[in-house]
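# A look at the structure
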Amino acid sequence: MNLVKLIEFLRLRLKTVVRVCVAALILLVAGDYFLVDKSEAHLPIEGRLPGFWALFGFLGCALIIILSKWYGHAGIMTREDYYEEPSGPGPEPGAQAQEEAAHD
Amino acid sequence: MTDFWLHPSLLLLLGGALLFAMPARLKKGWLLLVPILTFARVITMAKGTYGVVPFFGTHLTFGRVDELSSVFGYIMALMCIIGTLYGLHVKESAQHAAAWAYAAGSLGAIYAGDYLVLFLFSEVMAFSSVFLVWFRRRRESLAAGYRYLLVHVAGGLALLGGMIIHCRAQESWAFVHLDVGHPTAAIYLIAASFLLNAAVPPLHAWLPDAYGEGTFNGSVFLSAFTTKTAVYALCRSLAGMDLLIYLGVAMALYGVVYAVLENDCRRLLAYHIISQVGYMVAAVGIGTQMAINGACAHAFAHILYKGLLFMGCGSVLYMTGESKFTELGGLWRKMPWTLVFTLVGGLSISAFPLFSGYVSKAMIVSAGFAEHRLWAGYLLNLASVGTFLHTGLKVPYFIWFGKNQPKKAVWDRAADPPANMLAAMLVASFLCVFIGCYTPYLYHLLPHPEVAARYHPYELYHLSQTLQILLFTGVGFFVLLKKLTPEALISLDLDWFYRMGGRAFRWFAQKPVQLADTFVGELYRTAGLVPLMLTAARAGRFDTTVIDGAVDGLADSVRSLGRRLRLVQRGQVQQSLALAFAVAAILIVAFVVYINW
């Protein structure tokens, strides 16, 4: 299939793909600095700091990953069978036991 | 009333009922025809108030068609077509009927003009949607379905209580804007029920719990209707309530945090529903015309791209049987088209320029900035970093690329899904791109089109800002890729309280209560029973010989009847529920038709 071939083509030239992406990022920040009118900015820092939103994206991403992982490993993440009943299968093990007791 | 007004929900309900009688060769045609007719009915309805039915001294309003209900009705009916097309090959009629009843409930709630009709149709939604979870037929889905139902019944009761108190005070059942400046306890109860349906923390845990357990196509429906119908109800009644801004921003970030930790791709998407609905809830809280436009536009775009994402991940689940990142990887060679469609969904939800999320989300953020809520604007921008990080990067990367090699059985099964599933994804993808490229299509549908027409999302500053945020999030993703490697763990959420609480209650019922019961029984036996037994022994001689013969015969027949009854009651609670529900639905429909003629 053509689509698979295209992905394969790009994967084989991963280094070039990365280089093109980096060039695009640099162009984006440079273009923002030279071409974009900053009068719409909400805070003065958005206009004064070149690449403010690029920094916002990168640091925000790092912050989200690090804080969330810290939160998860502080005890929120647990084994997959955490909610499974210790008494084994069957939808209502308790009710069954009760019924048996009633028969005795 | 002399003129008969055809409620679009009626088409879906009747269509669903007739589906069971449909011969196999006509079924697929019927499955496509009914939602298309419903959509046609929705878009041809003129604005106005219809379906007013006298009811015990008051009246019920089934059809309030105005600017706000029209846009939500439009997208719900459209999603019903796409969702049905996606599951077209599913043979079991009951699955389609449940999905249609669910969509019918949503349309009914949207066009409802008073609280009684709203309540009725919200219950229809809760009781039909739970089947989309149960039909997966795993032990976990049964339990998740019951939890889902219990939570929604609690929400329904909050609405019922709130609306009765509120409407007695107002002497009107009309479902209109509430006095959010002076909220009463009744208004808080009503708000709580809407917020529960919109999955606002701390009332949100039902959503990932149930949507992660739904059938591959059921979750596509689930992702669209419940939360967005709640957004509609919030727009209608609570616009401008300050509290909603804080809740909305908090939930936009809450969903992002849990999405980092999640290992199941459909649960990850479910957490991102919470995050995205957060934008809409915040917009309702801001409450200006532009913000309400934003909430509606984002709900519209969200239903399409989230449906598309659930279709992509549902295809992976359907074909491979797996939905966990730790069990998947490298599927680009096997499921390339599913990758492309999921990417379109991912780019849309991340608000990439030229995709649908860009033209809707920006409206909400701009409305926040315009109202000088800078903190809300910045935090919502931070949440979009998280959205692209997970849905645009993590989902495609760890399913279709990544270092992980799935098991051989999974790898061998993997392939692009059947044609109807691909077609549904193609339609949704097209709409996502179309909305992003041609803004007047969506902006004309909004409740305040003149305000929307003045808004231009493709301004240079905003374009450059969005591209920088998103692309540098991508840089962050690849720099920190190691930290993001999925772990085969689950994350505890607030459902812990009722899951473990339920267990504690059962323990209490089994242990202390039973102990007390035994104790009282013993006391009764020694104090009362022993003397009684002595007397009884004498009477017993007469009893055994004469009466026993008759009683034993009776007891035997009662016991055998009981055994049969117990089988009905224990194994098939869902069927009984469905039956009760169907009977109620038919009665209501018959009632409405009868009164309307």
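Model, not experiment: these values are computed from the prediction.

### Quick word on the overall build of chain A
- Helices and strands together make up the secondary structure of chain A, namely five helices and one strand.
- Sequence-ordered secondary structure for chain A, helices as α and strands as β, is α-α-α-α-β-α.
- Put simply, chain A has 104 residues, and 13% of those count as buried.

### Things to note about the overall build of chain B
- When its secondary structure is counted, chain B shows 24 helices and three strands.
- Scored against the burial criterion, the 597 residues of chain B give a buried share of 52%.
- In chain B, 81% of the contacts between residues at least 6 apart in sequence involve partners at least 24 apart.

### With respect to the domain arrangement of chain A
- For chain A, the assigned domains read domain 1 (1-36) and domain 2 (40-78).
- For domain 1 of chain A versus domain 2 of chain A, the distance between C-alpha centres works out to 23 Å.

### Focus on unusual backbone geometry
Residues and elements named next belong to chain B.
- Each neighbour pair has its own omega, and for Pro201 with Pro202 the value is 5°, a cis peptide bond.
- Considering the arrangement of structural elements, one finds Pro202 in the loop between α7 (185-197) and α8 (206-211).
- The phi angle at Phe56 is positive, at roughly 45°, despite the residue not being glycine.
- In this structure, Phe56 sits in the loop between β1 (48-55) and β2 (58-65).
- On the neighbour-count criterion, Phe56 (7 C-beta atoms within 10 Å) is exposed.
- One non-glycine residue, His372, adopts positive backbone phi at about 60°.
- Following the sequence through the fold, His372 ends up in the loop between α14 (356-370) and α15 (374-400).

### A closer look at the interface of chain A and chain B
- Each side of the interface is counted separately: chain A has 37 residues, and chain B has 43 residues.
- Looking at the side of chain A that touches chain B, the elements that each hand over two or more residues are α1 (2-12), α2 (14-35), α4 (52-76), β1 (77-78) and α5 (93-103) of chain A.
- For the side of chain A that touches chain B, the element with the highest residue contribution is α4(A), accounting for 15 residues.
- One ladder, built from two bridges, connects β1(A) with strand β3 (residues 490-491) of chain B; its direction is antiparallel. Bridge assignment links Met77(A) to a residue of β3(B), and that residue is Ser491(B).

### Observations regarding helix α4 (residues 93-111) of chain B
- With 19 residues, α4(B) should cover 27 Å at 1.5 Å per step; its first-to-last C-alpha distance of 27 Å lies within 8% of that length.
- In terms of burial, α4(B) is largely enclosed, as 16 of its 19 residues are buried.

### What about the nonpolar core?
- If you look at the biggest cluster of nonpolar residues, it comprises 200 residues, and the most contacted ones within it are Ala103(B), Val281(B), Ala282(B), Ala283(B) and Ala295(B).
- Ignoring anything within four residues of it in the chain, the contact list for Val281(B) reads Ala198(B), Val200(B), Leu234(B), Leu244(B), Leu247(B), Gly248(B) and Met251(B).

### Let's talk about the packing of helix α2 (residues 24-44) of chain B against helix α3 (residues 67-86) of chain B
All names here are of chain B.
- The interhelical angle for the contact between α2 and α3, taken along N-to-C directions, is 170°, at an axis separation of 9 Å. In terms of axis orientation, α2 runs roughly antiparallel to α3. Judged by residue contacts, Leu31, Leu32, Pro35, Ile36, Thr38, Phe39, Val42 and Ile43 of α2 engage Gly73, Tyr74, Ala77, Leu78, Cys80, Ile81, Thr84 and Leu85 from α3.
- A class-by-class count of the residues in the contact of α2 with α3 yields 13 nonpolar, three polar and no charged.

### Focus on the pairing of β2(B)
All names here are of chain B.
- Of all eight residues in β2, six are buried, a share of seventy percent or more.
- Judged from the seven bridges that link them, β1 and β2 form a sheet pairing that is antiparallel. Paired with Gly48 across the strands is Val65, a residue of β2.
- Adjacent in sequence and paired antiparallel, β1 and β2 are bridged by two residues, among which Phe56 carries a positive phi angle near 45°.

### Details of the environment of Tyr86(B)
- Locating Tyr86(B) in the fold gives a position in helix α3.
- A sequence separation of 339 residues divides Tyr86(B) from Met425(B), and the C-alpha atoms of the two residues are 7.6 Å apart.

### Points about the confidence of the model for chain B
All names here are of chain B.
- This prediction gives chain B a mean pLDDT of 89; 88% of its residues lie at or above 70.
- The low-confidence segment residues 567-571 (pLDDT under 50) makes zero contacts with residues lying over four places distant or belonging to another chain.
- Predicted complex, confidence summary: ipTM 0.81, pTM 0.85.

### Section: the confidence of the model for chain A
All names here are of chain A.
- Mean pLDDT over chain A: 81, with 81% of residues reaching 70 or higher.
- By mean pLDDT, α5 is the weakest element of chain A at 42, and α4 is the strongest at 93.
- The model gives residues 88-104 a pLDDT under 50, and that stretch makes eight contacts with residues more than four places away or in other chains.

### A closer look at α15(B)
All names here are of chain B.
- The first and last C-alpha atoms of α15 sit 38 Å apart over 27 residues, in line with the 39 Å expected at 1.5 Å per residue.
- Maximum bend of α15: about 35°, positioned at Lys394, with proline Pro396 one to four residues after it.
- With 22 of its 27 residues buried, α15 lies for the most part within the structure.

### Examining the packing of helix α12 (residues 289-320) of chain B against helix α17 (residues 419-437) of chain B
All names here are of chain B.
- Where α12 meets α17, the closest approach of the two axes is 9 Å, and the angle between their N-to-C directions is 145°. By crossing handedness, the relation of α12 to α17 is classed as left-handed. In contact with Ala301, Leu304, Tyr305, Gly307, Leu308, Met311, Gly312 and Ser315 of α12, α17 contributes Met421, Ala424, Met425, Ala428, Ser429, Leu431, Cys432 and Ile435.
- For the contact of α12 with α17, a count of residues per class yields 12 nonpolar, four polar and no charged.

### A closer look at the environment of Val395(B)
Residues and elements named next belong to chain B.
- One can find Val395 in helix α15.
- By C-beta crowding, Val395 is classed as buried, having 26 other C-beta atoms within 10 Å.
- Sequence separation between Val395 and Asp412 is 17 residues; the distance between their C-alpha atoms is 21 Å.
- Apart from the residues within four sequence positions on either side, Val395 is in contact with Cys265, Leu268, Thr342, Gly346 and His390.

Calculation notes
- Residues numbered from 1 in each chain as written.
- Chains lettered and ligands numbered in written order.
- Predicted model: local features only at pLDDT ≥ 70, side-chain atom pairs only at ≥ 80, totals over all residues.
- Helix = DSSP H or I, 4+ residues; strand = E, 2+ residues; numbered from the N terminus.
- Buried ≥ 20, exposed ≤ 12 C-beta atoms within 10 Å, placed from the backbone.
- Contact = placed C-beta atoms within 7 Å.
- Domains from an automatic or database assignment.
- Pairing = 2+ DSSP bridges.
- Expected span 1.5 Å × (residues − 1).
- Core = buried A, V, L, I, M, F, W, Y, C linked by C-beta atoms within 7 Å.
- Axes fitted to C-alpha atoms, helices over the stretch in contact; angles between N-to-C directions.
- Parallel < 35°, antiparallel > 145°, perpendicular 65-115°, else oblique.
- Nonpolar A, V, L, I, M, F, W, Y, C, P; charged D, E, K, R; others polar.
- pLDDT = per-residue confidence, 0-100.
- Bend = angle between axes of the 7 residues up to and from the residue.
- Left-handed = near helix turned anticlockwise from the far one by under 90°.

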